[in-house]
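# Close look at the chain arrangement
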Amino acid sequence: MIDRVSHRLGRTLYEVPVGFKWFVSGLVDGSLGFGGEESAGASFSRLDGSVWTTDKDGLVPALLSAEITARTGRDPGEAYRTMSQELGSVFANRVDASANAEQKTKLGKLDRQQVRITELAGEPIDQILTHAPGNNAPIGGVKVTSSGGWFAARPSGTEDIYKIYAESFHDAGHLGRLIDEAQLIVDAALAGA
């Protein structure tokens, strides 16, 4: 949804690896207006472009939600549903897959050439990324996109798992297919098949 809102507003989307460290400098220097990450932490610039906060623990989005409710009298979920009607629904999920230390190391250093696929959930692959498009830094995993959705997989730093993130622009059934195929694709890449 962030991609779609950015496009509608004519704003540049700057996608970097997971971690606040990758975009906090853009919040401080005013080159970025918003930054968020997988843990639901996010921060925004002030209306004048100056940095508001570099806190990442969800406090700022919670305050923004409260302000939206106070100023509009509407639940922020209503605003999201309106955006979904205007821009299209997105179905998303994150699942965990087992991985030992060796597999996690392999996934973290995966080369896009090791992901040998041409199709994702019945659609041609647009991109296979192992480096972030915003700053070309390694993402520590892989992201595969098609016109109808995407998945990303990266190793956990604390558990014997890798995480699969996926979004479908079609429906919940397509999302399930993306996740199932993602695990097969990543497992095959890790096995060298």
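Up top is the structure these notes are about.
The structure presented is a predicted model; accordingly, all values stated were derived computationally and were not measured.

## Concerning the sheet that holds strand β3 (residues 91-98)
The antiparallel open sheet is built from 6 strands, whose spatial order is β3-β8-β7-β6-β5-β4. Looking at which strands have only one partner, the edges of the open sheet turn out to be β3 and β4 (119-120). Pairing of β4 with strand β5 (residues 123-131), which is carried by 2 bridges, proceeds in the antiparallel orientation. Across the sheet, the residue bridging to Leu120 is Glu123, located in β5. Where helix α6 (residues 172-191) meets the sheet, its contacts fall on β3, β4, β5, β6 (138-146), β7 (149-155) and β8 (161-168), and the angle it forms with β8 comes to roughly 145°.

## Digging into the side chain of Thr130
Among the structural elements, Thr130 can be located in strand β5. In this structure Thr130 touches Leu110, Asp111, Arg112, Ala137, Pro138, Ile139, Gly140, Gly141 and Val142, once residues within four positions along its chain are discounted.

## Some details on a nonpolar patch on the surface
On the surface, Ile2, Leu13 and Phe34 cluster together to form a nonpolar patch covering roughly 260 Å² of accessible area. Within the fold, Ile2 resides in helix α1 (residues 2-9). Overall, the relative accessible area of 48% leaves Ile2 in the partly exposed class.

Cut-offs and rules
- All residue numbers refer to positions counted from 1 along the written sequence of the respective chain.
- At least 70 in pLDDT is required for a residue's local features to be given in this predicted model, at least 80 for side-chain atom pairs to be given and counted, and no such filter applies to totals for whole chains, interfaces and linings, which use all residues.
- Each side-chain value is worked out from all heavy atoms of the structure, with water and hydrogens disregarded.
- By definition, two strands form a pair when at least two bridges between them are found by DSSP.
- The helix and strand labels rest on DSSP assignments: H or I over at least four residues marks a helix, E over at least two residues marks a strand, and numbering proceeds from the N terminus.
- By the convention used here, residues are in contact when the closest approach between their heavy atoms is within 4.5 Å.
- Only the contacting stretch of a helix is used when fitting its axis, a line to C-alpha atoms as for every element, and angles between N-to-C directions run 0 to 180 degrees.
- By definition, no residue in a patch forms a salt bridge, and every one has over 30% relative accessible area; like charges are joined within 9 Å, nonpolar side chains (Val, Leu, Ile, Met, Phe, Trp, Tyr) within 5 Å.
- Per-residue and other accessible areas follow the Shrake-Rupley method at a 1.4 Å probe size, with only the shown protein chains counted as cover for residues.
- Any Lys or Arg side-chain nitrogen found within 4 Å of a carboxyl oxygen on Asp or Glu counts as a salt bridge.
- Partly exposed describes any residue whose relative accessible area lies between the buried limit of under 20% and the exposed limit of over 50%, with all areas from a 1.4 Å probe on protein chains only and scaled to the type maximum.

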